[in-house]
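# Fold and contact review
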Amino acid sequence: MITANITEESTAVVEIGVTWEGDASVLLFGNTVPIELPHRCSWPETGLVLLPSPNGYERRADEPECWKPNLPADDDFGHPLGLMRKEVETGDILSCRAEIWGDHWAENCLEPGEYWFEETLSIENEGYAGWGFALRIES
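In short, a report on the structure. (Residues numbered from 1 in each chain as written. Predicted model: local features only at pLDDT ≥ 70, side-chain atom pairs only at ≥ 80, totals over all residues. Heavy atoms only, no water.)

## With respect to the packing of aromatic side chains
Quick note on the threshold: Two rings from Phe, Tyr or Trp (for Trp, the six-membered ring) form a pair when their centres are within 6.5 Å of each other. A pair whose planes differ by under 30 degrees is stacked, one over 60 is edge-to-face, and the rest are tilted. Secondary structure elements are defined from DSSP: runs of H or I of at least 4 residues count as helices, runs of E of at least 2 residues count as strands, and each element is numbered from the N terminus. The rule is simple: take the accessible area with a 1.4 Å probe, protein chains only, and divide by the maximum for that residue type; under 20% is buried, over 50% is exposed, in between is partly exposed.
Summed over all chains, the structure comprises four aromatic pairs. Plain terms: the ring middles of Tyr57 and Phe77 are 5.6 Å apart, the flat faces sit at 85° to each other, and that makes the pair edge-to-face. In this pair, Tyr57 sits in the loop between strand 4 (48-52) and strand 5 (84-88) while Phe77 sits in the loop between strand 4 and strand 5, placing the two residues 20 residues apart along the sequence. Exposure remark for Tyr57: the relative accessible area of 27% places this residue in the partly exposed category.

Quick look at the structure:
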């Protein structure tokens, strides 16, 4: 955790990282590695979304305490065009910072509970490596 508290002035910020334990390889990814941001929680289906930090999203003015992005209900954040390549060696640490926001698809604000995030790293000419983590929101 970089910033653990969510207030009306700022939301929580986390550093997400993985250590590459495989052989030297080339990873294929979108805009951010090791997790493509923005990224919705995998379970439950709505609730939290991780946004790149710092980000360019505006907060909904009608519910500022919710930290929900001001986006239309049908907006799915889009997907990156093309893949970037990153060469990795055994022991390399891949990390990025993310802000914790409420999903604009969710009916409620940031509710206390556990939220799971899953991601897949694409390994050039080898396949995929899945990984994940959980975040807990406490009141």
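## Overview of the sheet that holds strand 2 (residues 25-29)
This is how the line gets drawn: Paired strands are those between which DSSP finds at least two bridges. Here an angle of 0 to 180 degrees is reported between the N-to-C directions of two axes, which are lines fitted to C-alpha atoms, with helices fitted over the stretch in contact.
Strands sit in the order 5-2-7-8 across an open sheet of four strands; the sheet is antiparallel. The strands lining the two open edges of the sheet, one partner per strand, are strand 5 and strand 8 (127-137). On average, each strand axis in the sheet is tilted by 35° relative to the strand beside it, whichever way the strands run. With five bridges joining them, strand 2 and strand 5 adopt antiparallel strand pairing. The residue bridging Val26 from the neighbouring strand is Glu87, located in strand 5.

## Notes on the sheet that holds strand 3 (residues 39-40)
On the basis of which strands lie adjacent, the open sheet formed by four strands has the order 1-6-4-3 and antiparallel pairing. Each having just a single partner strand, strand 1 (13-19) and strand 3 make up the two edges of the open sheet. As paired strands, strand 4 and strand 6 (residues 93-102) are joined by five bridges and run antiparallel to one another. In the sheet register, Leu48 faces strand 6, and the bridge partner there is Gly102.

## Some words on the side chain of Glu119
Filter applied, for reference: When charges are counted, neither His nor the chain ends are considered; positive counts come from Lys and Arg and negative counts from Asp and Glu. Salt bridge criterion: a side-chain nitrogen from Lys or Arg within 4 Å of a carboxyl oxygen from Asp or Glu. In this description, contact between two residues means that some pair of their heavy atoms is separated by no more than 4.5 Å.
Mapped onto the elements, Glu119 comes out in strand 7 (residues 113-123). Of the side chains bearing the opposite charge, Arg40 lies closest to the buried Glu119, which forms no salt bridge; the N-O distance is 13 Å. Residues within four places of Glu119 in sequence aside, it is in contact with Pro34, Ile35, Glu36, His39, Ala129, Gly130 and Trp131.

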